[in-house]
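A structural walkthrough
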Amino acid sequence: MSSSTSSIDTIAYRLSAILRRLNAGETLVIKRLADEFGVTERTIRRDLNERFSFLNLEKKSNRYSLPPYKLGTYSQRDVQRIASLAGLQGMSPALSGEFLGDLLDDSLRGSLLVHGTKAEDIRDKEPDIAKLRAAIQDRLVVEFEYSKPDDTRKILKVNPYKLVLNEGVWYLQATDQGKVKSYAVSRIDRLLVSMDAFTPDTEVVDYLQKEDTVWLNQEKTEVVLKVLPPAASYFQRRQLIGSQKIEMTFKDGEILVSGLIAHQNQILPIVRYWIPYVRVVRPDGLQAELDAQLKTYVGLSD
């Protein structure tokens, strides 16, 4: 794990812990928090005064608490979202306290999904994100020019449903002619919010509430992995694939793991990370495709 990733994880843990205690009605003291988390009092002041500025904390001397009307109002999922959003401040100069407050307000209504506490530089795209956020809330159709990875460009007209911040990259989740898709905001240009309203499809809304990924496809593919020790214990402790199941356990510690994916990019990074302890059994051809990619990479690296 890189030092920057470790730092981000540490901030996320600290902010989540602080917010859980505020939500439970505790009054927090700066010096005690600094001692507990092994950071300076200046860092804790920044957490409370800057990163949590949009929570309107009540302050008496060096003691902080949530306003009474907010106590106990945040679920565990809300806490994680708020901590993730708060962690973005200072990581990206484009994310002001006011902008984060607006994003938080939307996230609690389900229009924003956040993974990770880092963010790409969106100084040029912040106005577009604001427009998309408003269009999602108002259920208005949007039009834009989209630059695809192969450098071709296309004019699209879509129904926007959700903004997603996934591992530092912003995405728009929308339907194009009834199909649910994700669009990288950095590839969106000439954005226009039309006056045409749309009625959200309840099936799409339910689908997006259940999906915790930017890879969208309502028709899932089953994947089966052969996992050797020491990776096996990791798969047994954590759900790394949607609908993950341990299908079989062998005496030598090897396991067969199944799951459902919407796109092969949901599984290939996991397999690459655990090489040589994980191989794809199904779908047919996916392991061969991965092997070919690795051979090409090794050839380019020589």
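This report concerns the structure included in the present document. (Residues numbered from 1 in each chain as written. Predicted model: local features only at pLDDT ≥ 70, side-chain atom pairs only at ≥ 80, totals over all residues. Heavy atoms only, no water.)

**Some words on the packing of aromatic side chains**
Inclusion rule: Side-chain rings of Phe, Tyr and Trp, where Trp is taken by its six-membered ring, are said to pair if the distance between their centres is within 6.5 Å; with planes under 30 degrees apart they count as stacked, over 60 as edge-to-face, and otherwise as tilted. In this description a helix means any DSSP run of H or I spanning at least four residues, a strand means any run of E spanning at least two, and both kinds are numbered starting from the N terminus. Relative accessibility under 20% of the residue-type maximum defines a buried residue, over 50% an exposed one, and the middle range a partly exposed one, all with a 1.4 Å probe and only protein chains included.
Summed over the entire model, instances satisfying the criterion amount to 6 aromatic pairs. With a centroid separation of 5.2 Å and 80° between ring planes, the pair formed by Tyr 146 and Tyr 183 is classed as edge-to-face. One end of the pair, Tyr 146, is in strand β5 (residues 140-147); the other, Tyr 183, is in strand β7 (residues 179-184), with 37 residues separating them in the sequence. Residue Tyr 146 is classed as buried on the basis of its relative accessible area, which comes to 10%. Seen from their ring centres, Tyr 273 and Trp 274 are 5.3 Å apart, and the 80° between their planes marks the pair as edge-to-face. A relative accessible area of 63% means that Tyr 273 is categorised as exposed. Put simply, the rings of Phe 144, Tyr 146 and Tyr 183 touch in pairs and so form one group of aromatic residues.

**Thoughts on the pattern of salt bridges**
We count it as follows: By salt bridge we mean one thing: a side-chain nitrogen of Lys or Arg within 4 Å of a carboxyl oxygen of Asp or Glu.
Summed over the entire model, instances satisfying the criterion amount to 13 salt bridges. A salt bridge links Asp 189 to Arg 153; the shortest N-O distance between them is 2.7 Å. Separated by 36 residues along the polypeptide, Asp 189 in strand β8 (residues 188-197) and Arg 153 in strand β6 (residues 153-176) bring together distant segments of the chain. Within this structure, Lys 125, Asp 128, Glu 145, Arg 153, Asp 189 and Arg 190 form a network of salt bridges that share partners.

**Examining the nonpolar core**
Soluble, globular proteins show a tendency: their nonpolar side chains are buried together. How we decide: Here, nonpolar core means buried Ala, Val, Leu, Ile, Met, Phe, Trp, Tyr and Cys residues that are tied together by side-chain atoms lying within 4.5 Å of each other. Residues are treated as being in contact if the distance between any of their heavy atoms lies within 4.5 Å.
Core analysis: the largest hydrophobic core is formed by 21 residues, its most contacted members being Phe 144, Val 158, Leu 172 and Tyr 183. Looking at this core, the elements that each hand over two or more residues are α6 (126-138), β5, β6, β7 and β8. For this core, the element with the highest residue contribution is β6, accounting for 9 residues. Not counting residues within four places of it along the chain, the set of residues in contact with Phe 144 comprises Lys 154, Ile 155, Leu 156, Val 158, Leu 172, Tyr 183, Ile 188, Asp 189, Arg 190 and Leu 191. Counting 20 residues, the second largest nonpolar core, distinct from the first, contains Leu 15, Ile 18, Leu 19 and Leu 33.

**Considering the sheet that holds strand β1 (residues 28-29)**
The test is simple: Being paired, for any two strands, means DSSP has found at least two bridges between them.
The antiparallel open sheet is built from 3 strands, whose spatial order is β1-β3-β2. The open sheet has two edge strands with one neighbour each: β1 and β2 (58-60). Sheet topology note: the β1/strand β3 (residues 63-65) ladder contains 2 bridges and is antiparallel. Considered in β3, the bridge of Leu 28 is made with Tyr 64.

**Section: the sheet that holds strand β10 (residues 242-249)**
Condition: Axis angles are defined between N-to-C directions and span 0 to 180 degrees, where every axis is a line fitted to C-alpha atoms and, for a helix, only to the segment in contact.
Taken together, 4 strands build an open sheet; the order of strands is β10-β11-β9-β12 and the sheet is antiparallel. Two strands lie at the open edges of the sheet, namely β10 and β12 (278-282), each paired on one side alone. Sheet twist, expressed as the mean angle between neighbouring strand axes with direction ignored, is 30°. Pairing analysis gives 5 bridges linking β10 to strand β11 (residues 255-261), with the strands arranged antiparallel. Considered in β11, the bridge of Gly 242 is made with Leu 260.

**Concerning unusual backbone geometry**
For the peptide bond that leads from Pro 229 to Pro 230, omega is 5°, which places it in the cis range. Mapped onto the elements, Pro 230 comes out in the loop between β9 (221-227) and α8 (231-237). A cis amide bond links Ile 275 with the next residue in sequence, Pro 276, at an omega value of 5°. Tracing the backbone through its elements, the reader meets Pro 276 in the loop between α9 (268-273) and β12. For Arg 139, which is not glycine, the phi torsion reads 55° and is therefore positive. Note that Arg 139 resides in the loop between α6 and β5.

**Considering the environment of Leu 191**
Of note, Leu 191 is situated in strand β8. Here the alpha-carbon distance between Leu 191 and Lys 157, two residues 34 residues apart in the chain, equals 10.0 Å. If near-sequence neighbours (up to four positions away) are discounted, Leu 191 is found in contact with Asp 128, Lys 131, Leu 132, Val 142, Glu 143 and Phe 144.

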